[in-house]
Amino acid sequence: MLFALALHPVLQRIHAAAVVDSATGYLDDVFLCAATHNANEALAIARRELRTVKLELNLSKVHTYTLHPEEAHGLPPEVPVTSEGVTILGIPLGADNYVHSVLDDRRKKVESFIHKVGDLPNTQIGLLLLRFCGITKWGYVTRLMPINHPAVQATTSSVDARAQVAVRKLLQ
């Protein structure tokens, strides 16, 4: 929590910059919103302000999402620019095919975990793992995304079916 206290004034200074529309953070993740043509300047401001508290941007984790990638000029070459989508705190935002792809990958991981839990010899441990780990991972997605999104509906029914099979196996 002390980390957040140090980061808060930095985010306020970044947000105060004329080219940054929004600067927010969660733990060690920082999110900037700026017009595409201001992306390079926004990145430079963030780098400068983060250095005041001895933090460095990890450029391999920086992503630029824009509907107009041709307008993103001057960014470092290691910063990808995409119009497909971006994942923020585990939630995909962007084009439908991007959202579906990210959710499908997450679904596969959650279903794999649920399947393994269903094979555990101890019913109590298995049910607790399902409740607090397996189902919770998918619940995070369904809490933060529109439940009527086609990708959410398609993947959620699959996760539910896998969870039902695991519970049946545990209760045998």
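Please read all numbers here as calculations on a predicted model, not as lab measurements.

Reading the values: the criteria
All residue numbers refer to position in the chain's written sequence, counted from 1. Local features in a predicted model are, by the rule used here, given only for residues with pLDDT of at least 70; side-chain atom pairs are given and counted only at 80 or more, and totals for whole chains, interfaces and linings are based on all residues. Neither water nor hydrogens contribute to the side-chain values; these are computed over all heavy atoms in the structure. We define a nonpolar core as any set of buried Ala, Val, Leu, Ile, Met, Phe, Trp, Tyr and Cys residues linked to one another through side-chain atoms lying within 4.5 Å. Relative accessible area decides the class of each residue, using a 1.4 Å probe on protein chains only: under 20% of the type maximum gives buried, over 50% gives exposed, and in between gives partly exposed. Elements are defined by DSSP. Helices are runs of H or I of four residues or more, strands are runs of E of two residues or more, and each kind is numbered from the N terminus. Contact between two residues is taken to exist if any of their heavy atoms lie within 4.5 Å; hydrogens are not considered. To obtain each axis, a line is fitted to C-alpha atoms, and for helices this fit is confined to the stretch in contact; angles are then taken between N-to-C directions over 0 to 180 degrees. Our angle categories are set so that under 35 degrees counts as roughly parallel, over 145 as roughly antiparallel, 65 to 115 as roughly perpendicular, and the remainder as oblique. Asp, Glu, Lys and Arg are counted as charged, while Ala, Val, Leu, Ile, Met, Phe, Trp, Tyr, Cys and Pro are counted as nonpolar; the rest, among them Gly, fall into the polar class. Each residue carries a pLDDT score, the predictor's confidence in it, ranging from 0 to 100. Whether two strands pair comes down to DSSP finding at least two bridges between them. Here a cavity denotes grid points, spaced 1 Å and computed from the protein atoms alone, that fit a 1.4 Å probe unable to get out, and a pocket denotes an open set having protein on both sides within 12 Å along at least 5 of 7 lines; residues with an atom within 4 Å of a point are the lining. Grid points are joined across faces, edges and corners, and a volume is the space filled by probe spheres set on the points.

**Re the nonpolar core**
Of all hydrophobic cores here, the largest spans 16 residues; its most connected members are Leu103, Ile114, Leu130, Trp138 and Met145. Listed by contribution, the elements that provide at least two residues to this core are helix 3 (96–118), helix 4 (123–144) and helix 5 (150–171). Ranked by the residues each element gives to this core, the list is headed by helix 5, at 6 residues. Sequence-distant contacts of Met145, defined by excluding residues within four places in its chain, comprise Ile91, Pro92, Val99, Leu103 and Val152. In this structure, Leu7, Val10, Ile14 and Ala23 belong to the second largest nonpolar core, which totals 12 residues.

**Things to note about the packing of helix 3 against helix 4**
Where helix 3 contacts helix 4, the two axes come as close as 10 Å, and the packing angle between them is 175°. Considering their axes alone, helix 3 and helix 4 lie roughly antiparallel with respect to each other. Of helix 4, the residues touching helix 3 (which contributes Leu103, Arg106, Arg107, Val110, Phe113, Ile114 and Val117) are Gly126, Leu129, Leu130, Cys133, Gly134, Ile135, Lys137, Trp138 and Val141. For the contact of helix 3 with helix 4, the per-class residue count stands at 11 nonpolar, 2 polar and 3 charged.

**Side note on the confidence of the model for the chain**
With 99% of its residues at a pLDDT of 70 or more, the chain has an overall mean of 90. For the chain, the element scoring lowest by mean pLDDT is helix 1 (residues 2–16), at 86; helix 3 scores highest, at 95.

**Some remarks on the pairing of strand 5 (residues 85–88)**
The side chains of a regular strand alternate, first on one face of the sheet and then on the other. Inspection of the sheet shows strand 5 paired to strand 6 (residues 91–94) by 4 bridges, in the antiparallel sense. Residue pairing in the sheet places Ile88 in a bridge with Ile91 of strand 6. Count of turn residues in the strand 5/strand 6 antiparallel hairpin: 2 residues, of which Leu89 carries a positive phi of about 50°.

**Quick notes on the layout of surface pockets**
Considered as a void within the structure, the largest pocket measures approximately 1200 Å³ in volume. If you trace the largest pocket, you find 34 residues lining it, with Val30, Phe31, Leu32, Val62 and His63 closest to the centre. Of all elements in the fold, only helix 1, strand 2 (29–33), helix 2 (39–51), strand 3 (64–65) and strand 5 reach the threshold of two or more residues within the lining of the largest pocket. Broken down by class, the residue content of the lining of the largest pocket amounts to 21 nonpolar, 9 polar and 4 charged.

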